[in-house]
Amino acid sequence: MTPRPSRLVLLGHPVRHSLSPVFQNAALQHAGIPARYEALDVPLEALDGCVRALIAEGAAGNVTVPHKEAVAALCASRTPLAERAGAVNTFWVEAGALIGDNTDVAGFASLARQLLGGDAPPRDLTIAVLGAGGAAAAVLTAIEQWPNCTTILYNRTPARRDRLARRFATVVRGTADDPVRAVAGCGLVVNATSVGLADDVHPVPVEAIPRTAAVLDLVYRPGETAGVRAARARGLRAADGAGMLVEQGAAAFERWFGVPAPRDVMWNALAERLAS
Ligand code: ATR
């Protein structure tokens, strides 16, 4: 059996604002696992050396912006979901080899189920996906598994949008040149861009979103995002990315330790920090 990792890290650049250490350390303490989870700020040029050292140590961890694709390329093997998304957010070492997974996919699916209700995956929806980075790829990987759902894809940089649309031609029914066109007639809007992370900017004017649509914003920040607040004020169902953050972290914890993650403990630790 692979020994439990004694060191857990989050690789990103920057990572100072991440709240993963807050709820992962709460979970480790609750489970009585003698390990610490720490954020490592790793510039791209240092990533290779850092990952090599982590493999030698038998460490495990998560990956965030902008390293998810680069770490996927460094893995000796990837789970089918990580392979499909082309991005790794969770890694560990088995027999000296780096293994990569993508728990953002399950995190997003869980957030969507919480918002839309029901135990089964959502079905029969037209979904506007805003963004074309690693987060959008994880979203499309999840939607691909939902019955009879299609997406309209928008991204600020059209070439990147078109590349992602080609990779996910199974679910991308069309692309849009502006977010207002993307959301017209849709039943769900997903903000998979980083817009709204640092300021009160909406990825799309809320008046353009159909009154029957739901809004999922993968961004999270204290007091929720401007997009979520505006959607609720219009009477729409809306949720920010805090639920997805906890669920991807819980799924990662289960990969590393093979025991159920204490989701309530993780959620309470995150909620407390977001409220403070
Ligand atoms: P992630 O892994 O979180 O998806 P990423 O790969 O850096 O991170 O992608 C960030 C996404 O947010 C991209 O879709 C990016 O659009 P571009 O491809 O045009 O860069 C989008 N994004 C970031 N800042 C933005 C802004 N100010 N306006 C619109 N889109 C933005």
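Everything here concerns the structure above.
All residue numbers refer to position in the chain's written sequence, counted from 1. Per-residue local features of the predicted model are confined to residues with pLDDT of at least 70, and side-chain atom pairs are confined, for both listing and counting, to 80 or more; whole-chain, interface and lining totals are unaffected and use all residues. With hydrogens and water set aside, each side-chain value is computed from the structure's full complement of heavy atoms.

Some words on unusual backbone geometry
So, step 1. The step from H13 to P14 runs through a cis peptide bond, and the omega angle for that step is 0°.
So, step 2. Within the element layout of this structure, P14 appears in the loop between β1 (7-12) and α1 (20-31).
So, step 3. Between V65 and the following residue, P66, the backbone shows a cis peptide bond with an omega angle of 5°.
So, step 4. Checked against the element boundaries, P66 lands in the loop between β3 (60-63) and α3 (68-74).
So, step 5. Of note, E224 is a non-glycine position whose phi angle comes to about 65°, a positive value.
So, step 6. Secondary structure is summarised from DSSP: a helix means a run of H or I of at least four residues, a strand means a run of E of at least two, and numbering begins at the N terminus for each. The residue E224 is located in the loop between β11 (214-217) and α9 (226-233) in this model.
So, step 7. Among the residues examined, E224 registers a relative accessible area of 24% and is labelled partly exposed. Type-normalised accessible area, obtained with a 1.4 Å probe on protein chains alone, sets the label of each residue: buried when under 20%, exposed when over 50%, and partly exposed for intermediate values.

Some words on the site of the ligand
So, step 1. The local shell around the ligand holds 13 residues, among which A135, N155, R156, T157 and R160 are the closest.
So, step 2. Think of a polar contact as two N or O atoms within 3.5 Å of one another; within protein, one of them needs to be a possible hydrogen donor and the other a possible acceptor, and neighboring residues in sequence only count if both atoms come from side chains. For the ligand, an oxygen atom lies 3.1 Å from a polar atom in the backbone of G134.
So, step 3. R160 is positioned with one of its side-chain polar atoms (N or O) 2.9 Å from an oxygen atom of the ligand.
So, step 4. To be clear on the numbers: accessible area is Shrake-Rupley with a 1.4 Å probe, and residue cover counts the displayed protein chains and nothing else. Starting from 640 Å² of accessible surface for the ligand in isolation, the protein chains cover 71%.
So, step 5. Residues are called lining when one of their atoms sits within 4 Å of a cavity or pocket point, these points coming from a 1 Å grid over the protein atoms alone, where a cavity is a set in which a 1.4 Å probe fits but cannot get out and a pocket is an open set with protein on both sides within 12 Å along at least five of seven lines. Placement in a cavity or pocket follows one criterion, namely that more than half of the molecule's atoms lie within 2 Å of its grid points. A molecule is said to occupy a pocket when more than half its atoms come within 2 Å of that pocket's grid points, and by this definition the ligand occupies the largest pocket.
So, step 6. Charged residues are taken to be Asp, Glu, Lys and Arg, nonpolar residues to be Ala, Val, Leu, Ile, Met, Phe, Trp, Tyr, Cys and Pro, and polar residues to be all remaining types, Gly included. Grouping the amino acids of the shell around the ligand by side-chain chemistry returns four nonpolar, seven polar and two charged. Think of it this way: one heavy atom of a residue within 4 Å of a molecule or strand is enough to make that residue near it.

Details of empty space enclosed by the protein
So, step 1. Grid points are joined across faces, edges and corners, and a volume is the space filled by probe spheres set on the points. Following the criterion strictly, the structure yields one cavity of 30 Å³ or more and no others.
So, step 2. The space that makes up the largest cavity amounts to roughly 100 Å³.
So, step 3. Along its surface, the largest cavity is lined by 13 residues, and P203, V204, I209, V215 and G227 are the ones closest to its centre.
So, step 4. Only β10 (188-191), β11 and α9 provide two or more residues apiece to the lining of the largest cavity.
So, step 5. Here the element with the most residues in the lining of the largest cavity is β11; it accounts for three residues.
So, step 6. In the lining of the largest cavity, the residues fall into nine nonpolar, three polar and one charged.

Any functional reading would require information that these geometric values do not contain.
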